[in-house]
Amino acid sequence: MLASDLVRSTIDLVILSVLTEGPSYGYAIAKRVDQISEGEYTTKETTLYAAIRRLEARGDLTSFAGSESGGRPRTYYSLTESGTAHLHQRIAEWHTAQRAIARFLTREAQS
């Protein structure tokens, strides 16, 4: 897996995970990612919205306009049934990769 693929797959997993808490909009998703990761995982706006568009095109997210009173409505994103299934698949893949990498790190630490 290329580094860009790892970043792409990680941001997708992170966004899907955040949206399990309920519908949200881009800025709030980015803030929640920062909060949950305690500042260790930050997203650039362009990366975040590219991932959201990709997930929406896949059918993992749906979008709708919010009803904010001051200014233009925000676009909210919500997890679909397909998105929930994709999230569970990605979590399983993450755990598999984590176990495999841990074997290498454990082996290295014993040397």
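Residues numbered from 1 in each chain as written. Predicted model: local features only at pLDDT ≥ 70, side-chain atom pairs only at ≥ 80, totals over all residues. Heavy atoms only, no water.

## A closer look at the overall build of the protein
- What the protein contains, in helices and strands, is four helices and three strands.
- For the protein, the α and β elements follow one another from N to C terminus as α-β-α-α-β-β-α.
- Within the span of the protein, comprising 111 residues, buried residues form 27% of the whole.
- Here the contacts in the protein between residues at least 6 apart in sequence split such that 50% fall between residues at least 24 apart.
- Per element, the accessible surface of the protein, about 7700 Å² overall, is 54% carbon and sulfur. (Helix = DSSP H or I, 4+ residues; strand = E, 2+ residues; numbered from the N terminus. Buried < 20%, exposed > 50% of the residue type's maximum accessible area, 1.4 Å probe, protein only. Contact = heavy atoms within 4.5 Å. Areas by Shrake-Rupley, 256 points an atom, 1.4 Å probe, with all protein chains shown as cover.)

## Considering helix 2 (residues 26-36)
- Taken residue by residue, helix 2 has Gly26, Ile29 and Val33 as its buried positions. What you see down the axis of helix 2 is that its buried residues fit within an arc of 60°, all on one side. With respect to the buried face of helix 2, the exposed residues turned more than 90 degrees away are Tyr27 and Gln35.
- Phi for glutamate 38, located one or two positions after helix 2, is positive at around 55°. (Arc of directions from axis to C-beta.)

## Observations concerning the pairing of strand 3 (residues 75-79)
- Here strand 3 lies mainly inside the structure; four of its five residues are buried.
- Bridging between strand 2 (residues 61-65) and strand 3 involves five bridges; their strand directions are antiparallel. Within the sheet, the bridge partner assigned to phenylalanine 64 lies in strand 3 and is tyrosine 76. (Pairing = 2+ DSSP bridges.)

## Let's talk about the confidence of the model for the protein
- The share of residues in the protein with pLDDT of 70 or more is 89%, and the mean pLDDT across the chain is 87.
- Ranking the elements of the protein by mean pLDDT puts helix 1 (residues 3-18) last with 75 and strand 3 first with 97.
- Of the regions scoring below 50 in pLDDT, residues 1-5 engages in two contacts with residues more than four places distant in sequence or in other chains. (pLDDT = per-residue confidence, 0-100.)

## As for the side chain of threonine 10
- In this structure, threonine 10 sits in helix 1.
- Leave out the neighbours within four places in its chain, and threonine 10 touches Tyr41 and Trp94.

## Let's talk about the packing of aromatic side chains
- Applying the stated rule across the entire model yields two aromatic pairs.
- Arranged with centres 5.3 Å apart and planes meeting at 75°, the rings of tyrosine 25 and tyrosine 76 form a pair that is edge-to-face. Placement of tyrosine 25 in strand 1 (residues 24-25) and of tyrosine 76 in strand 3 is noted, with a sequence separation of 51 residues between them. Here the two residues tyrosine 25 and tyrosine 76 agree in accessibility, since each one is buried.
- Site record: aromatic cluster; members linked through ring pairs are Tyr25, Phe64 and Tyr76. (Phe/Tyr/Trp six-rings, centres within 6.5 Å; stacked < 30°, edge-to-face > 60°.)

## Here's the deal with the sheet that holds strand 1
- With antiparallel pairing, the three strands of this open sheet are ordered in space as 1-3-2. Strands with a single pairing partner mark the edges of an open sheet, and in this sheet they are strand 1 and strand 2.
- The sheet contacts of helix 3 (residues 45-58) involve strand 2 and strand 3, and relative to strand 2 the element is tilted by about 110°. (Axes fitted to C-alpha atoms, helices over the stretch in contact; angles between N-to-C directions.)

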